[in-house]
Amino acid sequence: MRRRTSPTLWTGGVLAGLVALLALVSLFWLPFDSDDTSGGRLAGPGGGHLLGTDKLGRDLFTQLMTGSRIALEAGLGAVAIAAVLGVSLGVLAAFAQGWFDDTLSALLDILIAFPTLLLAMLIVAARSATLGSAILAIGLAQSAVVARLTRILVKRVLAQDYITASRTSGTSWPRIVAGHVLPNIWPTLVVNLALQFGLAVLAEAGLSYLGLGAPPPNASWGRMLQEAQATFTTAPAGALAPGILLVLLVIGVNLIADGLRDVLDPTARKGRAGA
């Protein structure tokens, strides 16, 4: 059987791949040191500075490359935390009964209703303004969304006849979860986690813009936007470049999520086509 392909998935992969390539290259090579201020304040492109310099004389392209790495670290780290906590809590909630089920559901609803960025701000403010704190805060905030989705999906699977047959034959619950539940819910979870990745990147940029993300000399895109807003009219590249890369990464990841939905769930694609 030939595997389905999705132009949306390929397009998203190309957009996100460009940012990932910048991040990968930045691990081995940067045009200038991140704290090198020898380029002159707000210099235009030239003299080895592809996009010019910022108000402190630092190379903008170097900062963009470093920022791409920070964005991917934030997205992947937050999604990993959300996946581990969310899936574990969601599976537990799906097996809960009575008042325990009601309590868990209410707690998840409260966390979901609480704005992710505000919750992340509170956690970061209680700890310290570092990239690790931002990743932890965003991951914890997103775990409630993943947990609620996991609970719904697991309950749907547990209601199937083959689960009853497995239990009747003596199969333990851990083996049912590993052999039947998780394989049936992972396609939907993968799509949701891809969407959560884009939200995590935006949340990290927002925290860095407010000074609650990665501290200097780390060049987060959010921090670059905050520092460049006062000089936008005289040196627009300082704000436009990180903004464009941020938009490209988020759009790319969202397209990947949509493409994965097409590939992993053909019924959803047919439904949209017939609409």
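### Examining the confidence of the model for the chain
- In this model, the chain carries an average pLDDT of 84, and 94% of its residues clear a pLDDT of 70 or more.
- Here residues 269–275 is modelled with pLDDT under 50, and outside its nearest four sequence neighbours on either side it reaches 6 contacts, counting other chains as well.

### Some details on the packing of helix 3 (residues 98–113) against helix 5 (residues 131–158)
- At their nearest, the axes of helix 3 and helix 5 sit 8 Å apart, and the two run at 140 degrees to each other. Considering the angle they form, helix 3 stands oblique to helix 5. In this structure, helix 3 crosses over helix 5, and the sense of that crossing is left-handed. Contacts between helix 3 and helix 5 involve Asp 101, Ser 105, Leu 108, Asp 109, Leu 111 and Ile 112 from the first element and Ala 144, Val 145, Ala 147, Arg 148, Arg 151 and Lys 155 from the second.
- Of the residues belonging to the contact of helix 3 with helix 5, the class tally is 6 nonpolar, 1 polar and 5 charged.

### Some points on the pattern of salt bridges
- Taken as a whole and assessed by the stated rule, the structure comprises 4 salt bridges.
- Salt bridges sharing common partners tie together Asp 54, Arg 58 and Glu 227.

### Section: the nonpolar core
- Counting 38 residues, the largest nonpolar core has Val 154, Val 181, Ile 185, Phe 197, Trp 221 and Leu 249 as the members making the most contacts within it.
- Elements that contribute at least two residues to this core include exactly helix 1 (7–26), helix 2 (60–95), helix 5, helix 7 (173–209), helix 8 (221–228) and helix 9 (237–264).
- Broken down by element, the residue count for this core peaks at 11 residues, all from helix 2.
- Residues Ala 78, Ile 123, Ala 137 and Ala 141 belong to the second largest nonpolar core, which totals 13 residues.

### Some words on helix 3
- Look at helix 3: 23 Å from first C-alpha to last across 16 residues, which is about the 22 Å you get at 1.5 Å a residue.
- Within the span of helix 3, buried status applies to Asp 101, Leu 104, Ser 105 and Leu 108. Within helix 3, the buried residues cover an arc of 100 degrees as seen down the axis, which keeps them to one side. The exposed residues of helix 3 that point more than 90 degrees off its buried face are Trp 99, Asp 102, Ile 110 and Ala 113.

### With respect to a nonpolar patch on the surface
- A grouping of Leu 21, Leu 24, Val 25, Leu 27, Phe 28 and Trp 29 is seen on the molecular surface, where their side chains present a nonpolar patch of about 660 Å² in accessible area.
- Position of Leu 21 among the secondary structure elements: in helix 1.

### Quick notes on empty space enclosed by the protein
- Counting across every chain of the model gives 1 cavity of 30 Å³ or more.
- In this structure, the largest cavity spans a volume of roughly 40 Å³.
- Taken together, Ser 34, Arg 58, Gln 63, Pro 217, Asn 218, Ala 219, Ser 220, Arg 223, Met 224 and Glu 227 make up the full set of residues lining the largest cavity.
- Looking at which element gives the most residues to the lining of the largest cavity, the answer is helix 8, with 3 residues.
- Class assignment for the residues of the lining of the largest cavity results in 3 nonpolar, 4 polar and 3 charged.

### Structural notes on the packing of helix 2 against helix 7
- Remark: helix 2 packs on helix 7, axes separated minimally by 8 Å, with the N-to-C direction vectors making an angle of 145 degrees. In terms of crossing hand, the pair formed by helix 2 and helix 7 is right-handed. For the pair formed by helix 2 and helix 7, the contact residues are Ile 70, Ala 71, Leu 72, Ala 74, Gly 75, Leu 76, Ala 78, Val 79, Ala 83, Val 87, Val 91 and Phe 95 on the first element and Trp 173, Val 177, Leu 182, Leu 189, Leu 193, Gln 196, Phe 197, Ala 200, Val 201 and Glu 204 on the second.
- Tallied by class, residues from the contact of helix 2 with helix 7 come to 19 nonpolar, 2 polar and 1 charged.

### Side note on the environment of Ser 6
- Mapped onto the elements, Ser 6 comes out in the segment before helix 1.
- C-alpha of Ser 6 to C-alpha of Pro 115: the two residues are 109 residues apart in sequence and 33 Å apart in space.
- Residues contacting Ser 6, with those up to four places away along its chain left out, are Gly 259, Asp 262 and Val 263.

### Some details on the side chain of Glu 227
- Considering the arrangement of structural elements, one finds Glu 227 in helix 8.
- What makes Glu 227 buried here is its relative accessible area of 18%.

### Things to note about the environment of Ile 110
- In this structure, Ile 110 sits in helix 3.
- Spatially, the C-alpha atom of Ile 110 lies 9.0 Å from that of Ala 144, the residues being 34 residues apart in sequence.

The rules behind these values
- Residues numbered from 1 in each chain as written.
- Predicted model: local features only at pLDDT ≥ 70, side-chain atom pairs only at ≥ 80, totals over all residues.
- Heavy atoms only, no water.
- pLDDT = per-residue confidence, 0-100.
- Contact = heavy atoms within 4.5 Å.
- Axes fitted to C-alpha atoms, helices over the stretch in contact; angles between N-to-C directions.
- Helix = DSSP H or I, 4+ residues; strand = E, 2+ residues; numbered from the N terminus.
- Parallel < 35°, antiparallel > 145°, perpendicular 65-115°, else oblique.
- Left-handed = near helix turned anticlockwise from the far one by under 90°.
- Nonpolar A, V, L, I, M, F, W, Y, C, P; charged D, E, K, R; others polar.
- Salt bridge = Lys/Arg side-chain N within 4 Å of Asp/Glu carboxyl O.
- Core = buried A, V, L, I, M, F, W, Y, C linked by side-chain atoms within 4.5 Å.
- Buried < 20%, exposed > 50% of the residue type's maximum accessible area, 1.4 Å probe, protein only.
- Expected span 1.5 Å × (residues − 1).
- Arc of directions from axis to C-beta.
- Patch = residues over 30% accessible without salt bridge, like charges linked within 9 Å, V, L, I, M, F, W, Y side chains within 5 Å.
- Areas by Shrake-Rupley, 256 points an atom, 1.4 Å probe, with all protein chains shown as cover.
- 1 Å grid on protein atoms, 1.4 Å probe; cavity = no way out; pocket = protein on both sides within 12 Å on 5 of 7 lines; lining within 4 Å.
- Points joined across faces, edges and corners; volume = space filled by probe spheres on them.

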